[in-house]
Amino acid sequence: MVFPTQYTNISGTSGQAGGAARGISVDESSRGSGSTSPTGHTQPATTRLLFINNKRPSRDTPIPKFCSNEVSTTKYNALTFIPLFLFESFRRYSNAFFLFIAALQQIPDVSPTGRWTTLVPLSFILFVSACKEIYEDTKRRLADGDVNNRKVLSLQSVTFQLTPWKKIQVGEIVKVRNGEEFPSDLILLSSSEPQGICYIETSNLDGETNLKTRLALPETAQLQTEDDLLMLDGTIECESPNRHLYDFTGNIRPSGRHTIPLGPDQLLLRGSRLKNTEWIYGVVVFTGHDSKLMKNSKQGAILRLKRSALDEFANRQIIMMFALLIIVCLVSGIGNAIWRSTHESKDWYLFPLLDNQNFGFNFLTFIILYNNLIPISLQVTLEMVRFVQTLFVSWDLEMYDSTTNTPAVARTSNLNEDLGQIKYIFSDKTGTLTENNMIFRQCSIGGIVYGVANTHSETFSDTNMLASLRAHNAGSRIIHEFLLTISVCHTVVSEADPKNPFKPIYLAASPDESALVKAAASLDYTFMKRDTNHIIVRIRSNTSGAEAARYETLTYELLDILEFTSDRKRMSVIVRTPEGRILLMCKGADSVICDRLAPHQPYLDKTIQDLEDFAHKGFRTLCVATAEVMPEFYTEWKKQFVLAATALDKRKEKVADVCSVIERNLQLIGATAIEDRLQEGVPHCIAQLAKANIRVWILTGDKMETAINIGHACNLLNKNMLLFTLNETSLDRVREALSRFRNDLQDRAEPAAGLIVDGKALHYALSMDLRKEFLDIAVSCKAVICCRISPMQKADVVALVRTNKPKDVTLAIGDGANDVAMIQTAHVGVGISGKEGLQAVCASDYAIGQFRFLQKLLFVHGAWSYERISKLVLYCYHKNICLYIMQFYFAIISSFSGQTIFERWTIGLYNIFFTAAPPFVIGIFDKSCSAESRMRYPALYGPTQSGELFTYSVFWRWIFSALVHAAIIFGLTYGIFHHDVLWGDGQNSGGFLFGAAAFTYVVVVVCLKAGLETSSWTWITHVGIWGSIASWFIFLPIYSKLWPNFLTFGEDFVGIAAAMCSSWLFWMGLFLIPTATLLFDILFQAFRNTYKANVVDTVRRMEGLGVRDLDDFVNMVKPQPTAEYDTLLGTLSYPSPVHHPQQRGYAFSQDEGGAISQTAVVNLYGSTEATTPGASDPLSRLSPRTLQNVHPRVGINS
């Protein structure tokens, strides 16, 4: 292995020191033992060994086998498609039942309807379903291909070559450039930045937008050229693949060198992105499904086909229908046995033909005869209707995101109706609700507000502020002090822009600080660079706008940086001004800054009022203050600070205490307002979802304060809401907090509470002891926000609700790889086609461009799909029972002989042709209310959300209605043809003529029933219903004349059409029987619409009258409506509440406890000169003291 000369004398002792510095003992490292994650999970003790550059010590060394880097979110492959598809298909009881019937029909002399009448339709159904699954899985495979075929530079033989991700192997060295995602889990070797530092964005993993630092080992940080990397060899021994994102234990063993420990600071995870760093070199350790990102995905969920709640409910009803079928068959079999015993002596001449029949034989015959009580065409109809519904989603231009050229995409069709029943939405924050874009909008300086809040501009601008700044009065002096403070008090580092030397490129770990520094630069207070312990700012010095711009450069000596932490909620810098004064500049949350102000603050009350106004607008706020420090006091304070910073016990607490000593007697200058811009329409969408009684939970890896800010900004939290904060760090304290929350909820008459949960506390809350209590409290709250949680914790929260609330349908929505697990766990997964890659989209069921499109996806497409599928399933059962139960009624009058009343091929064409159109018309085009009304009135979502259109009572009411309709049709038809019809030529009617007449009446009745249940008639509806009736009358005369010249079957139907149509009784029955059958249904519909109208009926009536305003509608329906009707109108008309946030969130999102402190990062960037890749000694400008701060194990001489 090649090392820089200054490190070649590192001994094993220094390696031990390095291990101790990283919290890894040499013994543990050498054994490769696992570590315990912060959540209490113990990592496996097994290890993996890989060869760097894939250089084996000898040819005899076996080549280790590792997972391919190709990832797949598909459900099938060439080998698994047939078994998995058949398994999923025959999980549906209907398919299993018809397979059983098809097998029975192959037994000779058992089937009265032929051998192929079930097998052929079943095969067609399975073929259509298979085609749909192949189509949808192909779309997933293409999306996976986009990811797997991305290119990265991989070291091949003598140089770097562009290589597809899927071909990357463990042990290879890759070069990742700025802005690129890491193709696999890598060990950082070196980077273009000093000391091997690199910046990464992990929003795809944990939702945090702030940049994090990773640090290469000093032994590898000098590997800057291809030659150095080609000479590198050795082994890496590390833990086996696991799902702990923040833990890593390993060792690197260079050839002929001592073992060097590796930790999380050197690990670059797949899914994260390189930022503000020109390039890095890394060696691949985990690939494909072994990567920590994919380990956090639920592979079982990928293979498990999701099924909608309605589909599962209908599947259970098939068991009940099968029980009904068995009862009918038993009655028929017993009836046949009784008839045989009572008629054997009287009808002796028939029994030689019946001697080979017994009860079992007859029972099987009746099962085949009545099998279509369960509609065989239902599944293929559902598959085709759902497929068309997904096309409607994709074709919806109102769900098309023009900014990213992204249409809505339905990646599966099995869950369309679930979209209409959502009760809980689990949403990611970063990239899902927000745009990941911090913008400095307004500020309050000396009690005066500057800036425009409602603008789409990306920059801060205010002409009044510029005019005041150049006015040479007290106001200009405080504006000058404010802008100087925000341009100096930060940890941003800069790089020179070759195109414009006066506009540096800023590198910030916090996007909030970046927004402040850029805003100051736009106002001519430009932070230029950091020299060694100095900050250089360039400001405009002239005061007249007419004069040519003149600038001066101010140099501030940087004495100390008091870093931000979540406990301190502030950060400060101590500088020596050009005049020689020592000045403390501080910015932080108003809750901590106000407590540290000196007495007699002239701008305090007005600034607090402005902060309230900023918070009402959803902005992230900071107070800005300064204090002059006496040199003597600073000298004594510095001694205490050094002692606290070097303390071995409670260092963090001691440093915070010492910082508090100097951060006193501050002078308030003003406040800032930063917009963490929400995606367009997010607050309105969440408000509408809340009106529809949908609970929204935010699950994010971001900080609690940031998440609370977004909760207020997006209308999830409001000022009247009691907030419970659960951030305890032990099981007992979490239990006590939950008990306290429960008591507080019980004491409130109308509990409107929000629950804020930290990731560590959530770990204990999800333990077996507290799961039930935590869930009870969470579901009692109007809003829940879970912060700092891992991807698997997101999935655990979703699974907790899904398991314990089985009747409630859940939806998870996110845009990053950290959301994949919860997307797969929820009933419905929605991916945002955003800036964080395709992992969430590939794992989702539906993909949309922005969060606001979720409202239409649920309120319109979801509700319509639920209504349509509910009606379709009920109608298919109704039309089948209407026809096939008549076989049972006929058996009663035919001695339970098992003879069919209908010709076999007319039975086969009943579902496929004569009544095929009405289900499609209902399932594709029916809608109770327009899309505009559903978007306007969220209360319309209630009936579909509660599932009231498809319940046990509704299902069996339809079944009973079908039994009654069939009885009326059969009874009246039998009454007409009971004594036979005698024609003039001496012919009389036979059994099949009676069956053809009954068949005609059934077709007419079921088609008219479809029309009666249709909510909206279009020309397609008319064609479907009237065309279906016409199809039978067209088919009837043609089919009755085809045998024997054109067909070898159909002899039983010859002459039926002419005989039946020449009878006036048939035509009388064509008017009388459908009218008598549907009379009760018509009266029931009229009564319900008049006296039992619900919200949907009310809006439909408004649409029919062309009225959009509720007051106008009330005036048109005089006399005054009943109290119940008035309640429905009130449900529709309640106004949108304007939620004003109470809590003011502060704008900080820095990485805490990272690989290197912000102070050390600032010290490393001594100038804006670009680092030359491959420079022989890029550390030359760093002092030994600085090197010691970054790498404590590198010794220095005092």
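Basis of the calculations
Residues numbered from 1 in each chain as written. Predicted model: local features only at pLDDT ≥ 70, side-chain atom pairs only at ≥ 80, totals over all residues. Heavy atoms only, no water. Helix = DSSP H or I, 4+ residues; strand = E, 2+ residues; numbered from the N terminus. Buried < 20%, exposed > 50% of the residue type's maximum accessible area, 1.4 Å probe, protein only. Contact = heavy atoms within 4.5 Å. Polar contact = N/O pair within 3.5 Å; in protein donor to acceptor, adjacent residues only side chain to side chain. pLDDT = per-residue confidence, 0-100. Pairing = 2+ DSSP bridges. Axes fitted to C-alpha atoms, helices over the stretch in contact; angles between N-to-C directions. Core = buried A, V, L, I, M, F, W, Y, C linked by side-chain atoms within 4.5 Å. Expected span 1.5 Å × (residues − 1). Phe/Tyr/Trp six-rings, centres within 6.5 Å; stacked < 30°, edge-to-face > 60°.

1. Some points on the overall build of the chain
At step 1: The secondary structure content of the chain amounts to 43 helices and 33 strands.
At step 2: Residues classed as buried in the chain amount to 58% of the 1198 residues present.
At step 3: Across the chain, the fraction of contacts at a sequence separation of at least 24, relative to all contacts at a separation of at least 6, is 74%.

2. A word on the side chain of Asp560
At step 1: Assignment of secondary structure puts Asp560 in strand β22 (residues 551-562).
At step 2: Here Asp560 falls in the buried class, since its relative accessible area comes to 6%.
At step 3: At 2.4 Å, the side chain of Asp560 and the side chain of Tyr634 are in polar contact.
At step 4: If we ignore the near neighbours within four places in the chain, the residues touching Asp560 are Ser572, Val573, Ile574, Tyr634, Trp637, Lys638 and Phe641.

3. Regarding the confidence of the model for the chain
At step 1: For the chain, the mean per-residue pLDDT works out to 81, and 83% of the residues sit at or above 70.
At step 2: Note on residues 1119-1126: pLDDT is under 50 here. Beyond four places in sequence and across chains, it has 7 contacts.
At step 3: Between residues 1167-1198, whose pLDDT stays under 50, and residues either more than four places distant or in other chains, the model counts 59 contacts.

4. Section: the environment of Phe363
At step 1: Relative to the assigned elements, Phe363 resides in helix α12 (residues 359-370).
At step 2: Owing to a relative accessible area of 17%, Phe363 belongs among the buried residues under this scheme.
At step 3: On a C-alpha basis, the gap between Phe363 and Cys329 in space is 6.1 Å, while along the polypeptide they are 34 residues apart.
At step 4: Setting aside anything within four residues of it in sequence, one finds Phe363 in contact with Ile326, Cys329 and Leu330.

5. With respect to the sheet that holds strand β10 (residues 260-262)
Sheet strands associate in pairs through backbone hydrogen bonding, adopting either a parallel or an antiparallel arrangement.
At step 1: Strand order in the open sheet formed by 4 strands is β1-β8-β9-β10, with antiparallel pairing between adjacent strands. Unpaired on one side and paired on the other, β1 (47-51) and β10 mark the two borders of the sheet. In this sheet, neighbouring strand axes are inclined to one another by 20° on average, regardless of whether the strands run parallel or antiparallel.
At step 2: With 5 bridges joining them, β1 and strand β8 (residues 234-239) adopt antiparallel strand pairing.

6. Details of the sheet that holds strand β28 (residues 722-726)
At step 1: One open sheet accounts for 9 strands, arranged β14-β33-β32-β31-β15-β27-β30-β29-β28; its pairing is mixed. Each edge of the sheet is formed by a strand with only one pairing partner; in this case those strands are β14 (409-410) and β28.
At step 2: Where strand β15 (residues 422-427) meets strand β27 (residues 695-699), 4 bridges bridge the pair, whose relative direction is parallel. Bridge pairing in β27 links Phe426 to Trp697.

7. What to know about the pairing of strand β24 (residues 582-588)
At step 1: For β24, the tally of buried residues reaches 7 of 7 residues, placing the bulk of the element in the interior.
At step 2: Neither face of β24 is left uncovered, since the one carrying Ile582, Leu584, Cys586 and Gly588 and the one carrying Leu583, Met585 and Lys587 both have all their residues buried.
At step 3: Pairing of strand β23 (residues 570-576) with β24 involves 7 bridges; the strand directions are antiparallel. Residue pairing for β24: Val573 is matched across the bridge by Met585.
At step 4: What sits between β23 and β24 in their antiparallel hairpin is a turn of 5 residues, with Gly580 showing a positive phi close to 100°.

8. With respect to the nonpolar core
At step 1: The biggest cluster of nonpolar side chains holds 94 residues, and the ones touching the most others in it are Tyr370, Val873, Met886 and Phe950.
At step 2: Top contributing element to this core by residue count: helix α29 (residues 853-893), with 18 residues.
At step 3: Dropping the residues within four chain positions of it, Met886 is found in contact with Ile881, Phe902, Ala966, Ile969, Phe970, Ala998 and Val1002.
At step 4: Cys685, Met704, Cys714 and Ile848 belong to the second-largest nonpolar core, a separate cluster that totals 47 residues.

9. Some remarks on the environment of Val285
At step 1: Counting through the fold element by element, Val285 comes out in strand β13 (residues 279-286).
At step 2: Exposure remark for Val285: the relative accessible area of 0% places this residue in the buried category.
At step 3: Each C-alpha atom of the pair Val285 and Ile187 lies 6.8 Å from the other, and the pair is 98 residues apart in sequence.
At step 4: Those residues in contact with Val285, other than ones at most four positions away along the chain, are Arg48, Leu50, Val170, Asp185, Leu186, Ile187, Ile236 and Leu267.

10. Notes on helix α20 (residues 651-662)
At step 1: For α20, with 12 residues, the first-to-last C-alpha span of 17 Å sits near the 16 Å given by 1.5 Å per residue.
At step 2: Among all positions of α20, only Val658, Cys659, Ser660 and Ile662 are buried.
At step 3: The secondary structure elements touched by the buried residues of α20 are β22, β23, β24, β25 (620-629) and α19 (631-645).

11. A closer look at the pairing of strand β31 (residues 809-814)
At step 1: With 6 of 6 residues buried, β31 is to be regarded as a mostly interior element.
At step 2: The alternating pattern of β31 places Val809, Leu811 and Ile813 on one face and Thr810, Ala812 and Gly814 on the opposite face, and all of these are buried.
At step 3: Here β15 pairs with β31 via 5 bridges, running parallel. Within β31, the residue paired with Ile422 across the bridge is Val809.
At step 4: As paired elements, β31 and strand β32 (residues 828-832) share 4 bridges and run parallel to each other.

12. Things to note about the environment of Ser487
At step 1: For Ser487, the location among the structural elements is in helix α15 (residues 474-488).
At step 2: In this view, Ser487 contacts Ala520, Tyr525, Phe527 and Val537; residues no more than four positions away in its chain are not counted.
At step 3: Within the local environment of Ser487, its side chain forms a polar contact with the backbone oxygen of Leu483, the two atoms lying 3.0 Å apart.

13. Here's the deal with the packing of aromatic side chains
At step 1: Under the criterion given, the structure shown has 44 aromatic pairs.
At step 2: Note on Phe950 and Phe955: the rings are 6.1 Å apart at their centroids and 55° apart in plane angle, and the pair reads as tilted. Like Phe950, the residue Phe955 is buried in the burial classification.
At step 3: A ring pair is formed by Phe1066 and Trp1067, whose centres lie 5.1 Å apart and whose planes are at 75°; its orientation type is edge-to-face.
At step 4: Owing to a relative accessible area of 0%, Phe1066 belongs among the buried residues under this scheme.
At step 5: A connected cluster of aromatic rings, assembled from ring pairs, spans Tyr884, Phe902, Tyr910, Phe913, Phe914, Phe999, Trp1032, Phe1035 and Tyr1039.

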